[in-house]
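Breakdown of the fold
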Amino acid sequence: MLEGSLFEKKRSKVTKYVDTPKVELEIPERFLRRGSLSKFPSLSELEVVRHFTNLSRLNYGIDNNIYPLGSCSMKYNPKINESLAELDEFVDIHPYMDEEYVQGALKIIYELERLLCEITGMDGFTLQPSAGAHGELTGLLIAKAYFKDKKEERDLVIVPDSAHGTNPASAVMAGFKVVEVKSDERGLVSPSTIKHFLNDRTALIMLTNPNTLGLFEEDIEEIAYLTHKVGGLLYYDGANLNGIVGITRPGDMGFDIVHLNLHKTFSTPHGGGGPGSGPLGVKDSLVPFLPVPRVSLKEGVYSLDYDFPKSIGKVKCFYGNFTVLIKAYSYIRLLGREGLRSIAEISTLNANYLQKRIGEFLEIPYKRLCKHEFVASLKSFRSKGIRALDIAKRLIDKGFHPPTIYFPLIVEEAFMIEPTETESLDSLNRFVSALREVIEEADINPDIVKEAPKEHIIKRIDEAKASRMLKVKW
Ligand SMILES: *Cc1c(COP(=O)(O)O)cnc(C)c1O
């Protein structure tokens, strides 16, 4: 049953509106809430509890079942991270408090920056950006300021055709022109192709490694060499760090700028547009351009340092999404060096196991040893009138969140599967069985697949309308 909002419950005869109390407040007129917001429906505690419990049952999250949404690293978020982020000592502080009262918070920011430098092989980090795409924009603005400072006019950003859409979008927002390069038959970026695009107008090349097919860019060292030779920079889209964390580092591969998605690799919950975090790291020559304030440590005292004249300025109020930072810090400290390495090892093992099993009944166009994810193609079902979307929707009926579909763009009817390291063999097997069932149904009973989901209160939605005419308010 569809659960309405609490305000819609007013229709029941017994509920009355409660007016907010009329007290004399010294609040300026313009800050007072007006209209329907000042009226709350009068409901019993039980009605409110049922409302939120029913709403939560309409949701699907990693706490329900496997969430194999490719490129998103939907892994288990340890509850201890939440408990730590909820401590009064964190929740009750305010960014305007004097530095001497928030030394602990500043220490977390400082130490998390150092940890991320160590993990990625970078020299400096900012924790301000609130998502991966925001980190990309920050990195591109830093590159722009860097070239301006060097009095070099570089306006081109090279992006492979396998890239996430945010890469070219961020480059354009930062005022660059995008040059697209094709991946080769291995699904990789090849130095011989890149060579033709590199020149004195090249500002950056943006790469994801492992790339969005889940494949490691084997020629990365040569690509880095060629790019640096013409004076360009390498940008690392860190959304896929899960496949290599603790084993190799973007800094060692030759990357100059890196963004991470704490809400992917570092296990802070995401979904529903909730708060994320997209820290950005750079090599030494770019450190002066990082956003301010930066947390510095002198004689055991942490302080906010604004004295970086070349800084691009602020990209987010205060210091970023602080409670998200606490969760990532706790996660990294909890796992330690060995634990971080096991993320990459087990996520890669899980993905290769799934690739092998699913490869028995689905086409895998770039079938090689993968990292933490792989991409199948459902294009052979097109002749039956069935698309990746239909298979995805039918998986919902079987109780599973679908994989990512139609991305990356270089695979037709793409079905991008990322199990993550936190799934057991049993849960991987259950996913394979459900997917196999759906694929068999597509053969025998295609209509049931085309009409899916049947078992869910929300059926097919108009996704274009949903994103273009967003209605976020009741
Ligand atoms: C998720 C993702 C991004 C964008 O990150 P957000 O945190 O969603 O802004 C960029 N590139 C790749 C490959 C991604 O998977």
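Scroll up for the structure.
Residues numbered from 1 in each chain as written. Predicted model: local features only at pLDDT ≥ 70, side-chain atom pairs only at ≥ 80, totals over all residues. Heavy atoms only, no water.

1. Observations concerning the side chain of aspartate 390
Filter applied, for reference: Each helix is a run of DSSP H or I of at least 4 residues and each strand a run of E of at least 2, with the numbering of both proceeding from the N terminus. Every residue pair with non-hydrogen atoms within 4.5 Å of one another is taken to be in contact.
Relative to the elements of secondary structure, aspartate 390 occurs in helix H11 (residues 388-397). Residues within four places of aspartate 390 in sequence aside, it is in contact with Gly385, Val449, Lys450 and Arg460.

2. Points about the sheet that holds strand E5 (residues 177-181)
For the record, the criterion: Whether two strands pair depends on DSSP finding at least two bridges between them. In this analysis, axes come from line fits to C-alpha atoms, helices being fitted only over the stretch in contact, and the angle between any two N-to-C directions falls in the range 0 to 180 degrees.
The strand order across the open sheet built from seven strands is E3-E9-E8-E7-E6-E4-E5, with neighbouring strands paired in mixed fashion. Looking at strand neighbours, the two that pair on one side only are strand E3 (124-126) and E5, the edges of this open sheet. In this sheet, adjacent strand axes meet at a mean angle of 20° when their direction is disregarded. Strand contacts of helix H4 (residues 103-120): E3 and strand E8 (257-259), with the helix running at about 125° to E3, the strand carrying the most contacts.

3. Examining the packing of aromatic side chains
Cut-off, in case you're wondering: To pair, rings of Phe, Tyr and Trp, with the six-membered ring standing in for Trp, must have centres within 6.5 Å; the planes then decide the type, stacked if under 30 degrees apart, edge-to-face if over 60, and tilted in the middle. Two limits define a charge over a ring: the Lys NZ or Arg CZ must be within 6 Å of the ring centre, and within 35 degrees of the ring normal.
Overall, the coordinates contain nine aromatic pairs when judged by the stated rule. Each residue in the set Tyr96, Phe318 and Tyr319 is aromatic and connected to the rest through ring pairs, giving one cluster. When the ring centre of phenylalanine 176 is taken as reference, the NZ or CZ atom of lysine 144 above it lies at 5.7 Å.

4. As for the packing of helix H5 (residues 132-149) against helix H6 (residues 166-173)
To be explicit about the condition: Between 65 and 115 degrees an angle is taken as roughly perpendicular, under 35 as roughly parallel, over 145 as roughly antiparallel, and anywhere else as oblique. Less than a right angle of anticlockwise turn of the near helix away from the far helix marks a crossing as left-handed, whereas a clockwise turn marks it as right-handed.
Running from N to C, H5 and H6 cross one another at 40°; their axes reach a closest spacing of 9 Å. With respect to H6, the axis of H5 lies oblique. The hand of the H5/H6 crossing is right-handed. Touching Ala133, Glu136, Leu137 and Leu140 of H5 are Thr166, Asn167, Ser170, Ala171 and Met173, all from H6.

5. Considerations on the site of the ligand
The test is simple: Distances are taken per atom, and a residue is near a molecule or strand as soon as one of its heavy atoms is within 4 Å of it. The definition of a polar contact used here is a pair of N or O atoms within 3.5 Å, where within protein one atom must be able to donate a hydrogen and the other to accept one, and adjacent residues in sequence count solely through side-chain atom pairs. Under the convention used here, a 1.4 Å probe and the Shrake-Rupley method define accessible areas, while residue burial counts only the protein chains that appear. Each residue is assigned to one class: nonpolar for Ala, Val, Leu, Ile, Met, Phe, Trp, Tyr, Cys and Pro, charged for Asp, Glu, Lys and Arg, and polar for all the others, Gly among them.
Every residue close to the ligand is listed here: Ser71, Ala131, Gly132, Ala133, Glu136, His164, Thr166, Asp237, Ala239, Asn261, His263 and Lys264. Measuring from a nitrogen atom of the ligand, one finds a side-chain N or O atom of aspartate 237 at 2.6 Å. Within the side chain of histidine 263, an N or O atom sits 2.7 Å from an oxygen atom of the ligand. The protein chains hide 87% of the 380 Å² of surface that the ligand would expose on its own. Partitioning the shell around the ligand into residue classes produces three nonpolar, six polar and three charged.

6. Here we look at the environment of aspartate 149
Just so we agree on the cut-off: To sort residues, take the accessible area from a 1.4 Å probe on protein chains only and compare it with the maximum for the residue type: under 20% means buried, over 50% means exposed, and anything in between is partly exposed.
Mapping aspartate 149 onto the fold places it in helix H5. Given the relative accessible area of 36%, aspartate 149 is considered partly exposed. In contact with aspartate 149, not counting residues within four places along its chain, are Phe289 and Lys310.

7. Here we look at the sheet that holds strand E14 (residues 414-417)
One open sheet accounts for three strands, arranged E12-E14-E13; its pairing is antiparallel. Looking at the sheet topology across the chains shown, the edges are occupied by strand E12 (374-377) and strand E13 (404-405). With respect to the sheet, H11 is in contact with E13 and E14, its orientation differing from that of E14 by roughly 40°.

8. Let's talk about the state of the cysteines
Note: disulfide means a covalent bond formed between the sulfur atoms of two cysteine side chains. For the record, the criterion: To count as a disulfide, a pair of cysteine sulfur atoms needs to be within 2.5 Å.
Taken as a whole and judged by the stated rule, the model has zero disulfides. Considering cysteine sulfurs only, cysteine 370 is the nearest to cysteine 72, which forms no disulfide, with 16 Å between them.

9. Points about the nonpolar core
Put simply, the rule reads: We define a nonpolar core as any set of buried Ala, Val, Leu, Ile, Met, Phe, Trp, Tyr and Cys residues linked to one another through side-chain atoms lying within 4.5 Å.
With 52 residues, the main nonpolar core has Leu116, Ile119, Leu241, Val245, Phe255, Phe266 and Phe322 as its most contacted residues. Those elements that place two or more of their residues in this core are H4, strand E4 (156-160), E5, strand E6 (202-208), helix H8 (220-229), strand E7 (233-237), strand E11 (301-305) and helix H10 (322-358). Considering every element that reaches this core, the biggest residue donor is H10, with ten residues. With near-sequence residues (within four places) excluded, leucine 241 lies in contact with Ile119, Tyr236, Pro250, Leu260, Thr265 and Phe266. One finds Ala351, Phe400, Ala414 and Val449 within the second-largest nonpolar core, a separate group that totals 37 residues.

10. Observations concerning unusual backbone geometry
For the peptide bond that leads from valine 292 to proline 293, omega is -5°, which places it in the cis range. Structurally, proline 293 can be placed in the loop between strand E9 (280-282) and strand E10 (294-298). Looking along the chain, the bond that leaves phenylalanine 407 and enters proline 408 is cis, with omega of 0°. By secondary structure assignment, the location of proline 408 is in the loop between E13 and E14. Here glutamate 299, not a glycine, exhibits a phi torsion of approximately 50°, which is positive.

11. Some words on the pattern of salt bridges
Cut-off, in case you're wondering: A carboxyl oxygen of Asp or Glu within 4 Å of a side-chain nitrogen of Lys or Arg is what we treat as a salt bridge.
By the definition in use, this model includes 31 salt bridges. Measuring nitrogen to oxygen at the nearest pair gives 3.0 Å for the salt bridge that ties glutamate 345 to arginine 341. Here the residue glutamate 345 and the residue arginine 341 both occupy positions in helix H10, the gap between them amounting to four residues, near one helical turn. With a relative accessible area of 38%, glutamate 345 lands in the partly exposed category. A salt bridge links aspartate 426 to arginine 430, with the shortest nitrogen-to-oxygen separation between them at 3.5 Å. Taken together, the residues aspartate 426 and arginine 430, both in helix H12 (residues 425-444) and four residues apart, mark about one turn of the helix.

12. Quick word on a nonpolar patch on the surface
Quick note on the threshold: A patch consists of residues exposed above 30% relative accessible area that lack any salt bridge, with like charges linked at up to 9 Å and nonpolar side chains (Val, Leu, Ile, Met, Phe, Trp, Tyr) linked at up to 5 Å.
A cluster of nonpolar side chains, namely Leu2, Phe52, Leu55, Leu58, Ile457, Ile458 and Ile461, defines an oily patch on the protein surface of about 600 Å² accessible area. Tracing the backbone shows leucine 2 in the segment before strand E1 (17-19). Given a relative accessible area of 59%, leucine 2 falls into the exposed group.

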